[in-house]
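Results of the structural survey
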Amino acid sequence: MRHLLDTTDLSLDEIDDIISLATDIISNPKKYAHVCDGKKLATLFFEPSTRTRLSFEAAMYELGGNVIGFSEASSTSASKGETVEDTVRIVSNYADIIAMRHPLEGAPRVAVTKTLVPIINAGDGGHAHPTQTLADLLTFYREKGRLDNLTIGLCGDLKFGRTVHSLIKAMCRYKNIKDVLEPSGTKYVQVESMDAVMPDLDVLYMTRIQRERFFSAEEYLKYENAFILDLDKLENAKSDLTIMHPLPRVNEIATNVDDDPRAKYFEQALNGKYVRMALIMTLLKWGGQLEY
Ligand code: NCD
(Lines give C-alpha, C1' and ligand atoms only; values in the text may rest on other atoms or scores of the structure.)
Protein backbone atom coordinates (compact mmCIF):
# COMPACT_ATOMS: atom_id res chain seq x y z
CA MET A 1 0.00 0.00 0.00
CA ARG A 2 1.29 3.46 -0.92
CA HIS A 3 0.20 6.95 0.11
CA LEU A 4 0.73 10.36 -1.48
CA LEU A 5 1.90 12.88 1.11
CA ASP A 6 4.08 15.00 -1.16
CA THR A 7 5.22 15.02 -4.77
CA THR A 8 8.51 13.33 -3.93
CA ASP A 9 6.66 10.17 -2.84
CA LEU A 10 6.37 9.49 -6.58
CA SER A 11 9.31 8.73 -8.84
CA LEU A 12 9.59 10.57 -12.14
CA ASP A 13 8.54 7.39 -13.96
CA GLU A 14 5.49 7.06 -11.74
CA ILE A 15 4.55 10.69 -12.41
CA ASP A 16 4.93 10.02 -16.14
CA ASP A 17 2.64 7.00 -15.83
CA ILE A 18 -0.02 9.00 -13.96
CA ILE A 19 0.13 11.76 -16.59
CA SER A 20 -0.14 9.20 -19.42
CA LEU A 21 -3.10 7.57 -17.69
CA ALA A 22 -4.77 10.98 -17.24
CA THR A 23 -4.32 11.78 -20.96
CA ASP A 24 -5.81 8.39 -21.87
CA ILE A 25 -8.77 9.09 -19.55
CA ILE A 26 -9.26 12.43 -21.35
CA SER A 27 -9.29 10.70 -24.76
CA ASN A 28 -11.30 7.60 -23.77
CA PRO A 29 -13.52 8.45 -20.77
CA LYS A 30 -15.92 5.55 -21.46
CA LYS A 31 -13.12 3.03 -21.04
CA TYR A 32 -12.76 4.10 -17.39
CA ALA A 33 -16.44 4.67 -16.48
CA HIS A 34 -16.71 1.50 -14.36
CA VAL A 35 -13.13 0.92 -13.22
CA CYS A 36 -14.02 1.80 -9.59
CA ASP A 37 -17.49 0.24 -9.43
CA GLY A 38 -18.19 -0.68 -5.82
CA LYS A 39 -15.29 1.37 -4.43
CA LYS A 40 -15.61 4.30 -2.04
CA LEU A 41 -13.52 7.43 -1.68
CA ALA A 42 -13.70 9.32 1.65
CA THR A 43 -13.04 13.06 1.45
CA LEU A 44 -12.07 14.32 4.91
CA PHE A 45 -11.82 18.10 4.59
CA PHE A 46 -10.98 19.81 7.88
CA GLU A 47 -10.26 23.02 5.90
CA PRO A 48 -12.25 24.88 3.19
CA SER A 49 -12.02 23.78 -0.42
CA THR A 50 -13.92 24.10 -3.68
CA ARG A 51 -11.85 22.62 -6.52
CA THR A 52 -9.86 20.01 -4.69
CA ARG A 53 -12.77 18.36 -2.89
CA LEU A 54 -15.25 18.58 -5.74
CA SER A 55 -12.73 17.42 -8.35
CA PHE A 56 -11.84 14.44 -6.16
CA GLU A 57 -15.52 13.61 -5.81
CA ALA A 58 -16.23 14.11 -9.52
CA ALA A 59 -13.16 11.97 -10.31
CA MET A 60 -14.46 9.05 -8.21
CA TYR A 61 -17.98 9.30 -9.66
CA GLU A 62 -16.60 9.36 -13.21
CA LEU A 63 -14.72 6.14 -12.42
CA GLY A 64 -18.00 4.52 -11.31
CA GLY A 65 -17.22 4.74 -7.58
CA ASN A 66 -18.97 6.41 -4.66
CA VAL A 67 -17.99 9.12 -2.19
CA ILE A 68 -18.51 9.67 1.52
CA GLY A 69 -17.02 12.41 3.66
CA PHE A 70 -17.32 15.85 5.18
CA SER A 71 -16.39 19.36 4.16
CA GLU A 72 -15.96 21.01 7.52
CA ALA A 73 -14.47 19.86 10.79
CA SER A 74 -17.26 21.47 12.84
CA SER A 75 -19.72 18.77 11.71
CA THR A 76 -17.43 15.93 12.86
CA SER A 77 -16.16 14.45 16.11
CA ALA A 78 -13.00 16.56 15.68
CA SER A 79 -15.13 19.32 17.25
CA LYS A 80 -15.52 17.04 20.30
CA GLY A 81 -11.78 16.53 20.52
CA GLU A 82 -11.26 13.37 18.47
CA THR A 83 -7.72 13.03 17.11
CA VAL A 84 -6.87 12.74 13.42
CA GLU A 85 -5.46 9.26 14.12
CA ASP A 86 -8.77 8.01 15.53
CA THR A 87 -10.89 9.64 12.79
CA VAL A 88 -8.73 8.11 10.07
CA ARG A 89 -8.66 4.71 11.74
CA ILE A 90 -12.46 4.65 11.76
CA VAL A 91 -12.97 6.03 8.25
CA SER A 92 -10.47 3.59 6.77
CA ASN A 93 -12.96 0.84 7.75
CA TYR A 94 -15.65 2.56 5.70
CA ALA A 95 -13.78 3.56 2.52
CA ASP A 96 -11.20 2.14 0.08
CA ILE A 97 -9.16 5.33 -0.22
CA ILE A 98 -9.02 8.65 1.67
CA ALA A 99 -8.32 12.18 0.46
CA MET A 100 -7.65 14.44 3.42
CA ARG A 101 -7.14 18.19 3.87
CA HIS A 102 -6.09 19.58 7.25
CA PRO A 103 -4.93 23.00 8.53
CA LEU A 104 -2.03 21.43 10.45
CA GLU A 105 1.20 20.70 8.62
CA GLY A 106 2.06 17.02 8.92
CA ALA A 107 -1.49 15.84 9.79
CA PRO A 108 -1.53 13.34 6.88
CA ARG A 109 1.81 11.93 8.04
CA VAL A 110 0.17 11.13 11.38
CA ALA A 111 -2.88 9.71 9.59
CA VAL A 112 -0.86 7.14 7.63
CA THR A 113 0.28 5.52 10.88
CA LYS A 114 -3.28 4.36 11.59
CA THR A 115 -4.96 3.89 8.24
CA LEU A 116 -5.91 0.62 6.58
CA VAL A 117 -6.27 2.23 3.13
CA PRO A 118 -4.24 4.66 0.96
CA ILE A 119 -4.19 8.30 2.10
CA ILE A 120 -3.88 11.23 -0.29
CA ASN A 121 -2.78 14.58 1.12
CA ALA A 122 -5.21 17.13 -0.33
CA GLY A 123 -3.33 20.00 1.37
CA ASP A 124 -1.80 20.27 4.87
CA GLY A 125 -1.48 23.79 6.23
CA GLY A 126 1.19 25.82 4.44
CA HIS A 127 3.21 22.69 3.74
CA ALA A 128 2.28 20.58 0.71
CA HIS A 129 -0.39 20.02 -1.92
CA PRO A 130 0.81 17.21 -4.18
CA THR A 131 -2.40 16.62 -6.15
CA GLN A 132 -2.41 20.29 -7.18
CA THR A 133 1.12 19.68 -8.45
CA LEU A 134 -0.08 16.70 -10.48
CA ALA A 135 -2.75 18.97 -12.00
CA ASP A 136 -0.02 21.56 -12.71
CA LEU A 137 2.24 18.98 -14.35
CA LEU A 138 -0.60 17.68 -16.53
CA THR A 139 -1.25 21.29 -17.54
CA PHE A 140 2.45 21.81 -18.43
CA TYR A 141 2.34 18.62 -20.46
CA ARG A 142 -0.86 19.53 -22.33
CA GLU A 143 0.13 23.16 -22.94
CA LYS A 144 3.88 22.81 -23.50
CA GLY A 145 4.31 19.17 -24.50
CA ARG A 146 7.08 18.75 -21.92
CA LEU A 147 7.95 18.96 -18.22
CA ASP A 148 11.63 19.86 -18.55
CA ASN A 149 13.49 22.87 -19.92
CA LEU A 150 10.80 25.29 -18.86
CA THR A 151 11.45 28.73 -17.43
CA ILE A 152 8.80 29.15 -14.76
CA GLY A 153 7.93 32.35 -12.89
CA LEU A 154 6.38 31.80 -9.47
CA CYS A 155 4.59 34.89 -8.18
CA GLY A 156 2.65 35.64 -5.01
CA ASP A 157 2.85 33.96 -1.63
CA LEU A 158 5.91 31.72 -1.84
CA LYS A 159 6.17 31.51 1.94
CA PHE A 160 2.78 30.13 2.93
CA GLY A 161 1.61 28.82 -0.46
CA ARG A 162 1.59 25.03 -0.31
CA THR A 163 0.95 24.73 -4.05
CA VAL A 164 4.29 26.35 -4.88
CA HIS A 165 6.10 24.31 -2.23
CA SER A 166 5.02 21.04 -3.82
CA LEU A 167 5.47 22.35 -7.36
CA ILE A 168 9.06 23.48 -6.68
CA LYS A 169 9.93 20.09 -5.20
CA ALA A 170 8.62 18.45 -8.34
CA MET A 171 10.28 20.83 -10.79
CA CYS A 172 13.67 20.54 -9.05
CA ARG A 173 13.77 17.01 -10.39
CA TYR A 174 13.38 18.12 -14.01
CA LYS A 175 15.78 20.23 -16.00
CA ASN A 176 14.44 23.71 -15.61
CA ILE A 177 16.29 26.89 -16.18
CA LYS A 178 15.55 29.53 -13.58
CA ASP A 179 13.17 28.18 -11.05
CA VAL A 180 15.17 25.64 -9.15
CA LEU A 181 16.62 26.13 -5.75
CA GLU A 182 20.21 25.82 -4.66
CA PRO A 183 20.35 22.31 -3.16
CA SER A 184 19.58 20.88 -6.56
CA GLY A 185 22.45 22.94 -8.04
CA THR A 186 20.27 24.72 -10.54
CA LYS A 187 19.84 28.42 -11.18
CA TYR A 188 17.05 30.63 -10.00
CA VAL A 189 16.55 34.36 -9.70
CA GLN A 190 14.51 36.32 -7.22
CA VAL A 191 13.03 39.57 -8.49
CA GLU A 192 10.91 42.31 -6.97
CA SER A 193 8.77 42.95 -10.03
CA MET A 194 7.46 40.76 -12.80
CA ASP A 195 8.53 43.11 -15.61
CA ALA A 196 12.21 42.20 -15.52
CA VAL A 197 11.66 38.48 -16.15
CA MET A 198 8.38 38.46 -18.05
CA PRO A 199 9.97 38.13 -21.53
CA ASP A 200 11.89 34.99 -20.46
CA LEU A 201 9.00 33.01 -19.04
CA ASP A 202 7.41 29.91 -20.56
CA VAL A 203 5.04 29.61 -17.62
CA LEU A 204 3.85 32.21 -15.10
CA TYR A 205 2.41 30.56 -11.98
CA MET A 206 0.43 33.09 -9.95
CA THR A 207 -0.77 32.46 -6.38
CA ARG A 208 -2.93 34.30 -3.90
CA ILE A 209 -1.48 35.78 -0.71
CA GLN A 210 -2.50 33.22 1.94
CA ARG A 211 -4.34 35.58 4.25
CA GLU A 212 -5.44 32.85 6.71
CA ARG A 213 -1.84 31.81 7.37
CA PHE A 214 -0.53 35.26 8.37
CA PHE A 215 0.09 35.86 12.04
CA SER A 216 -1.22 39.44 11.98
CA ALA A 217 -3.58 41.50 9.81
CA GLU A 218 -0.91 44.22 9.56
CA GLU A 219 1.58 41.82 8.03
CA TYR A 220 -1.01 40.64 5.50
CA LEU A 221 -1.90 44.20 4.50
CA LYS A 222 1.74 44.80 3.49
CA TYR A 223 1.45 42.18 0.76
CA GLU A 224 -2.26 42.33 -0.05
CA ASN A 225 -1.86 44.11 -3.39
CA ALA A 226 1.84 43.51 -3.98
CA PHE A 227 1.65 41.28 -7.07
CA ILE A 228 -1.14 41.85 -9.53
CA LEU A 229 -1.08 40.56 -13.08
CA ASP A 230 -2.87 42.70 -15.63
CA LEU A 231 -2.84 43.03 -19.42
CA ASP A 232 -0.17 45.79 -19.30
CA LYS A 233 2.28 43.48 -17.53
CA LEU A 234 1.76 40.88 -20.25
CA GLU A 235 2.83 43.24 -23.01
CA ASN A 236 6.41 41.91 -23.13
CA ALA A 237 5.50 38.29 -22.47
CA LYS A 238 6.01 35.46 -24.94
CA SER A 239 3.10 34.78 -27.27
CA ASP A 240 3.04 31.17 -26.04
CA LEU A 241 3.31 31.97 -22.32
CA THR A 242 1.09 29.72 -20.18
CA ILE A 243 -0.51 31.61 -17.29
CA MET A 244 -1.50 29.37 -14.40
CA HIS A 245 -3.04 29.76 -10.94
CA PRO A 246 -4.16 26.98 -8.56
CA LEU A 247 -7.16 29.19 -7.69
CA PRO A 248 -9.00 30.59 -5.76
CA ARG A 249 -8.11 34.01 -7.11
CA VAL A 250 -8.64 37.07 -4.96
CA ASN A 251 -7.42 40.04 -7.01
CA GLU A 252 -3.95 38.95 -8.18
CA ILE A 253 -5.05 38.37 -11.77
CA ALA A 254 -7.24 41.07 -13.35
CA THR A 255 -10.40 39.41 -14.68
CA ASN A 256 -9.84 40.71 -18.24
CA VAL A 257 -6.70 38.52 -18.41
CA ASP A 258 -9.15 35.55 -18.43
CA ASP A 259 -9.96 36.29 -22.09
CA ASP A 260 -6.30 36.22 -23.12
CA PRO A 261 -5.60 32.91 -24.90
CA ARG A 262 -2.53 32.44 -22.69
CA ALA A 263 -4.69 32.19 -19.54
CA LYS A 264 -4.97 28.48 -18.71
CA TYR A 265 -6.07 28.44 -15.07
CA PHE A 266 -9.57 27.17 -15.76
CA GLU A 267 -8.16 24.37 -17.93
CA GLN A 268 -5.71 23.65 -15.08
CA ALA A 269 -8.65 23.12 -12.69
CA LEU A 270 -10.26 20.68 -15.14
CA ASN A 271 -6.95 18.85 -15.48
CA GLY A 272 -7.12 18.43 -11.69
CA LYS A 273 -10.13 16.17 -12.07
CA TYR A 274 -8.50 13.97 -14.73
CA VAL A 275 -5.24 13.60 -12.87
CA ARG A 276 -7.08 12.72 -9.65
CA MET A 277 -8.94 9.99 -11.55
CA ALA A 278 -5.55 8.63 -12.64
CA LEU A 279 -4.17 8.92 -9.09
CA ILE A 280 -7.11 7.14 -7.46
CA MET A 281 -6.74 4.27 -9.95
CA THR A 282 -2.98 4.10 -9.42
CA LEU A 283 -3.08 4.04 -5.60
CA LEU A 284 -5.88 1.46 -5.56
CA LYS A 285 -3.87 -0.70 -7.96
CA TRP A 286 -0.70 -0.40 -5.84
CA GLY A 287 -2.77 -1.34 -2.79
CA GLY A 288 -3.93 -4.53 -4.54
CA GLN A 289 -7.51 -3.22 -4.37
CA LEU A 290 -8.02 -2.77 -8.12
CA GLU A 291 -6.96 -4.39 -11.37
CA TYR A 292 -7.09 -2.57 -14.69
C1 NCD B 1 -4.96 26.04 -3.18
C2 NCD B 1 -4.84 25.48 -1.79
O3 NCD B 1 -5.84 25.08 -1.19
O4 NCD B 1 -3.71 25.42 -1.33
N5 NCD B 1 -6.20 25.83 -3.78
C6 NCD B 1 -6.36 24.67 -4.46
O7 NCD B 1 -6.37 23.60 -3.89
N8 NCD B 1 -6.45 24.73 -5.80
C9 NCD B 1 -4.50 27.43 -3.33
C10 NCD B 1 -4.96 28.48 -2.37
O11 NCD B 1 -5.78 28.24 -1.47
O12 NCD B 1 -4.49 29.61 -2.54
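Look above for the structure.
Residues numbered from 1 in each chain as written. Predicted model: local features only at pLDDT ≥ 70, side-chain atom pairs only at ≥ 80, totals over all residues. Heavy atoms only, no water.

**Some thoughts on the pattern of salt bridges**
This structure, assessed with the given rule, holds 14 salt bridges. When the shortest N-O distance is used, the salt bridge between D6 and K169 registers 2.7 Å. Of this pair, D6 sits in the segment before α1 (12–27) while K169 sits in helix α6 (residues 162–171); the two residues are 163 residues apart in sequence, bridging distant segments of the chain. The exposure class of D6 is buried, given its relative accessible area of 5%. Across the pair R146 and D202 runs a salt bridge whose closest N-O atoms are separated by 3.8 Å. (Salt bridge = Lys/Arg side-chain N within 4 Å of Asp/Glu carboxyl O. Helix = DSSP H or I, 4+ residues; strand = E, 2+ residues; numbered from the N terminus. Buried < 20%, exposed > 50% of the residue type's maximum accessible area, 1.4 Å probe, protein only.)

**Description of the pairing of strand β3 (residues 97–102)**
Here is the key point about a regular strand: its side chains alternate between the two faces of the sheet. Most of β3 sits inside the fold, with six of its six residues counted as buried. Bridge count for strand β1 (residues 40–45) against β3 is five bridges, and the pairing is parallel. Looking across to β3, one finds that L41 is bridged to I97. Where β3 and strand β4 (residues 119–124) come together, four bridges link them in parallel fashion. Residue pairing in the sheet places A99 in a bridge with I120 of β4. (Pairing = 2+ DSSP bridges.)

**Thoughts on helix α3 (residues 84–91)**
Taken together, the buried positions of α3 are occupied by V84, T87, V88 and V91. Here the buried residues of α3 occupy an arc of 95° about the axis, which is enough to place them on one side. Considering only its buried residues, α3 is in contact with β1, β3, α4 (107–111) and β4. (Arc of directions from axis to C-beta. Contact = heavy atoms within 4.5 Å.)

**Notes on helix α8 (residues 265–286)**
The end-to-end C-alpha separation of α8 is 31 Å, in line with the 32 Å expected for 22 residues at 1.5 Å each. Most of α8 sits out of view: 16 of its 22 residues are buried. Remark: G288 follows α8 within two positions and exhibits a positive phi of approximately 75°. (Expected span 1.5 Å × (residues − 1).)

**With respect to the site of the ligand**
Lining the immediate surroundings of the ligand are T52, R101, H129, Q132, R162, T163, R208, Q210, P246, L247 and P248. Contacts to the ligand include R162, whose side-chain N or O atom sits 2.7 Å from an oxygen atom. A distance of 2.8 Å separates a nitrogen atom of the ligand from a polar atom in the backbone of P246. Expressed as a share of its isolated accessible area of 320 Å², the protein-covered part of the ligand is 94%. Of the residues contributing to the shell around the ligand, the split by class is three nonpolar, five polar and three charged. (Near = heavy atom within 4 Å. Polar contact = N/O pair within 3.5 Å; in protein donor to acceptor, adjacent residues only side chain to side chain. Areas by Shrake-Rupley, 256 points an atom, 1.4 Å probe, with all protein chains shown as cover. Nonpolar A, V, L, I, M, F, W, Y, C, P; charged D, E, K, R; others polar.)

**Thoughts on the sheet that holds β4**
Strand order across the open sheet formed by four strands is β2-β1-β3-β4, with parallel pairing between neighbours. On the outer flanks of this sheet lie β2 (66–70) and β4, each paired with one strand and no other. On average, each strand axis in the sheet is tilted by 15° relative to the strand beside it, whichever way the strands run. Lying on the sheet, α8 is in contact with β1, β3 and β4; it crosses β3 at an angle near 120°. (Axes fitted to C-alpha atoms, helices over the stretch in contact; angles between N-to-C directions.)

**Digging into the sheet that holds strand β5 (residues 152–155)**
Sheet architecture is open: three strands sit in the order β5-β6-β7, paired in parallel fashion. Of all strands in the sheet, those with a lone pairing partner are β5 and β7 (242–244), marking the two edges. Pairwise comparison of adjacent strand axes, ignoring direction, gives a mean angle of 15° for this sheet. As defined by bridge partners, strand β6 (residues 203–206) adjoins β7 across three bridges and the pair is classed as parallel. Residue pairing across strands places Y205 opposite M244, the latter belonging to β7.

**Regarding the side chain of T131**
Within the fold, T131 resides in helix α5 (residues 130–144). Residue classification places T131 among the buried residues on the basis of a relative accessible area of 0%. When sequence neighbours within four positions are dropped, the list of residues in contact with T131 reads L4, T52, F56, I120, N121, V275, R276 and L279.

**Examining the nonpolar core**
In terms of nonpolar packing, the biggest core is built from 48 residues, with I25, L41, L137, F140, I280 and M281 touching the most fellow members. With nine residues, α8 is the single largest residue contributor to this core. Here F140 is in contact with G145, R146, L147, L150, I152, L167, M171, V203 and M244, once residues within four sequence places are set aside. Listed in part, the 16 residues of the second largest apolar core include M194, I243, A263 and Y265. (Core = buried A, V, L, I, M, F, W, Y, C linked by side-chain atoms within 4.5 Å.)

**Points about the environment of T43**
Residue position: T43 is located in strand β1. For the pair T43 and F70, spaced 27 residues apart in the sequence, the C-alpha separation amounts to 6.3 Å. If near-sequence neighbours (up to four positions away) are discounted, T43 is found in contact with R53, F56, E57, V67, I68, G69, F70 and A99. In terms of polar contacts, T43 uses its side chain to reach the side chain of E57, at 2.9 Å.

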